[in-house]
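Each chain, letter by letter, is given below.
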Amino acid sequence: MIPMSEAIRALLAGPQYHIHVRVGVQRAGTTMGAVPDVVDLTHRLVEGQLSATMDDGARRFSVTFWAGRNGDPDGDTLQPLVGASAYNDPSPLLWAGNALELKVAIVAAGTTPTDEDFRRWEVGRIDGVKAADAQGRITVYGRDFLTAVLLDTKVRAPRKYGDPPETATDNVRGWLSAVVDDWTTIDTPGPLFGTQAWVPMVWSSEPLWLPGGEPPFGLNEYAQDAGPAVYEVCRTIALQAGWDYRTFPRHLGPTDEWGDPLLVPVLYDPDRTRTTPDAVIGLNEYTTIRELTVDASDVRNWIRARTGKTSTRVPIERLDAASITQYGPQVMELAESQMPGIDSEVEVGNMLDYALADLKDPYASHEVESLLWPYVELNDLHTYPAHPRYYDADLTMAVVGYTHTFSRSGGRTTMQVRGKPLAAYRRWRVGAQPPVLVSTNDPPPGAVAKEGTLWCKVDDLSWPA
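A word on the overall build of the protein
Then, in step 1: Looking only at helices and strands, the protein features 7 helices and 22 strands.
Then, in step 2: The burial tally for the protein puts 46% of its 465 residues in the buried class.
Then, in step 3: A fraction of 69% describes how many contacts in the protein between residues 6 or more apart in sequence connect residues 24 or more apart.
Then, in step 4: When the accessible surface of the protein is totalled, it reaches about 21,600 Å², and 53% of it is carbon and sulfur.

Let's talk about the nonpolar core
Then, in step 1: Grouped together as the largest cluster of nonpolar side chains are 72 residues, with contacts concentrated most on Leu41, Val63, Phe65, Leu100, Tyr384 and Trp428.
Then, in step 2: Once residues lying within four places of it in the same chain are set aside, the contact partners of phenylalanine 65 are Val23, Leu41, Arg44, Leu45, Val46, Leu78, Leu94, Leu100, Gly136, Arg137, Ile138 and Val140.
Then, in step 3: In this structure, Phe145, Val155, Leu176 and Tyr245 belong to the second largest nonpolar core, which totals 30 residues.

Looking at helix H2 (residues 145-152)
Counting along an α-helix, one turn takes 3.6 residues, and residues three or four places apart therefore face a common direction.
Then, in step 1: Taking burial as the measure, the 8 residues of H2 include 7 buried ones, the bulk of the element.
Then, in step 2: Listed as buried for H2 are Phe145, Leu146, Thr147, Ala148, Val149, Leu150 and Leu151.

So, the environment of threonine 276
Then, in step 1: Summarising the element assignment, threonine 276 is placed in the loop between strand S11 (262-268) and strand S12 (279-280).
Then, in step 2: Measuring from C-alpha to C-alpha, the distance between threonine 276 and histidine 382 comes to 8.7 Å, with 106 residues separating the pair along the chain.

Quick look at the pairing of strand S17 (residues 366-371)
Then, in step 1: As paired elements, strand S13 (residues 286-291) and S17 share 5 bridges and run antiparallel to each other. Paired with threonine 288 across the strands is glutamate 369, a residue of S17.
Then, in step 2: Direction of pairing for S17 relative to strand S20 (residues 410-418): antiparallel, over a ladder of 6 bridges. Of the residues in S20, the one forming a bridge with glutamate 369 is threonine 414.

So, the pattern of salt bridges
Then, in step 1: By the definition in use, this model includes 22 salt bridges.
Then, in step 2: As a salt-bridge pair, arginine 59 and glutamate 122 come within 2.5 Å of each other at their nearest N and O atoms. One end of the pair, arginine 59, is in the loop between strand S3 (45-53) and strand S4 (60-66); the other, glutamate 122, is in strand S6 (residues 119-130), and 63 residues separate them in sequence. Summarising the burial analysis for this pair, arginine 59 and glutamate 122 share the class buried.
Then, in step 3: Taken together, the shared-partner salt bridges connect Arg125, Asp127, Arg143 and Asp152 into one network.

Observations concerning the side chain of aspartate 380
Then, in step 1: Within the secondary structure, aspartate 380 is located in the loop between S17 and strand S18 (381-384).
Then, in step 2: No salt bridge is formed by the buried aspartate 380, whose closest oppositely charged neighbour, arginine 274, lies at an N-O distance of 6.0 Å.
Then, in step 3: Separated by 2.8 Å, the side chain of aspartate 380 and the backbone nitrogen of glutamate 377 make a polar contact.
Then, in step 4: Setting aside residues no more than four positions away along its own chain, aspartate 380 makes contact with Met1, Arg274, Asp278, Tyr375, Met397, Ala398 and Val399.

Digging into the packing of H2 against helix H5 (residues 230-239)
Then, in step 1: Closest axis-to-axis distance for the H2/H5 pair is 5 Å, and the angle between their directions is 95 degrees. One way to sum up the angle between H2 and H5 is to call them roughly perpendicular. The residues of H5 that touch H2, namely those facing Thr147, Leu150 and Leu151, are Val230, Tyr231 and Glu232.
Then, in step 2: Per-class residue counts for the contact of H2 with H5 are 4 nonpolar, 1 polar and 1 charged.

Notes on the pairing of S4
Then, in step 1: Pairing geometry for S3 and S4, over 6 bridges, is antiparallel. Paired with glycine 48 across the bridge in S4 is valine 63.
Then, in step 2: Counting the residues that bridge the hairpin from S3 to S4 gives 6 residues, and of these glycine 57 lies at a positive phi of roughly 80 degrees.
Then, in step 3: Sheet topology places S4 next to strand S7 (residues 137-144); 7 bridges connect them, and they run antiparallel. Bridge pairing links serine 62 to tyrosine 141 in S7.

Definitions and limits used
- Residues numbered from 1 in each chain as written.
- Predicted model: local features only at pLDDT ≥ 70, side-chain atom pairs only at ≥ 80, totals over all residues.
- Heavy atoms only, no water.
- Helix = DSSP H or I, 4+ residues; strand = E, 2+ residues; numbered from the N terminus.
- Buried < 20%, exposed > 50% of the residue type's maximum accessible area, 1.4 Å probe, protein only.
- Contact = heavy atoms within 4.5 Å.
- Areas by Shrake-Rupley, 256 points an atom, 1.4 Å probe, with all protein chains shown as cover.
- Core = buried A, V, L, I, M, F, W, Y, C linked by side-chain atoms within 4.5 Å.
- Pairing = 2+ DSSP bridges.
- Salt bridge = Lys/Arg side-chain N within 4 Å of Asp/Glu carboxyl O.
- Lys, Arg positive; Asp, Glu negative; His and termini not counted.
- Polar contact = N/O pair within 3.5 Å; in protein donor to acceptor, adjacent residues only side chain to side chain.
- Axes fitted to C-alpha atoms, helices over the stretch in contact; angles between N-to-C directions.
- Parallel < 35°, antiparallel > 145°, perpendicular 65-115°, else oblique.
- Nonpolar A, V, L, I, M, F, W, Y, C, P; charged D, E, K, R; others polar.

Here is the structure:
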């Protein structure tokens, strides 16, 4: 959970408080927070959304402004191709690659927030701009800065990572940092994203944050192919041990203060068995808890994989009897691309255990609506006190997705929650290449095959058929 000060905690525990949001945009190549580089567009804000799910962990935003036109009070338009507008001098303000900064202030009811009350909430990179509609509203959309860089930066050549068996260590920290360093830097002028002067203000120089301490596992040597995103390579390495790799807004100040955060990659154990909540969302903060229509289509309760050399491949599987009884047998086979460096039955079995723990139940079971709660992070464990309108006992649930909807005067947060934390959900199935089987016969009764397998029955196997 994003830290908050004791003063904010006291306000949230009380009966009345107000939340205010500010939006600023800065051109690439300027210094984050410097005046007059930051352009405050709060007066043009219509509404916005900031959301994240366990699928890729990126925090995605969509913010809508009044575009304006000549004759408006401030006399200029946000339409990026109108060169005469002051907002587009010396270059368009609302343009891909520029930075969007969200700030939030929580103050007592009836209090006007000062500049010091506002704290950075998110910094994102604008990916695109939707032209103004018939009502004169223009929308920008994008992702949090660091995740966008790691998702858009690809491994550009084959390379080996990990320790050979004779020198194996628990240095997964070093190898994850090496993956990032290898592909997010170029020979000149330096860091791929270091040419924008505001970047060091929002990106921590810390290569990897380990909030739970050093991980108790290493990385066996393997050959990484070219093509995948750096972010996906790092997540694949982490998931082999049941951990997860994400970017996180780390607050580097005192623990009792909520300062402006710096973005940092984080490697952490989701601790699927923990029960102590990160926060208690009070009765005056959440407005609705409702059960979702449970979608079991993504449940996987019988998971298989193979290990060993081609001639001696050993099939390994894990299944959950209770889930099979509830949802029927839902089979999945992990792809070899998800297991780089794994070379033993024990390691494959451990990975199957983690995947089964995450996949044997539906992705989310409840949805919680609350007043704007800017402190939420994926995998937070929240307790919602009993309320006679909803449930007669406290609920403690893990956050697997959230959407903030906001305007200048606050907003609302909707969270998707489930019973236990997890490291991934649909991400476990990334990379699986289902085979196509061709035969002149029908599939054998009771056959079990990899998810997505296509059985093609033909009359003749000769070529051309």
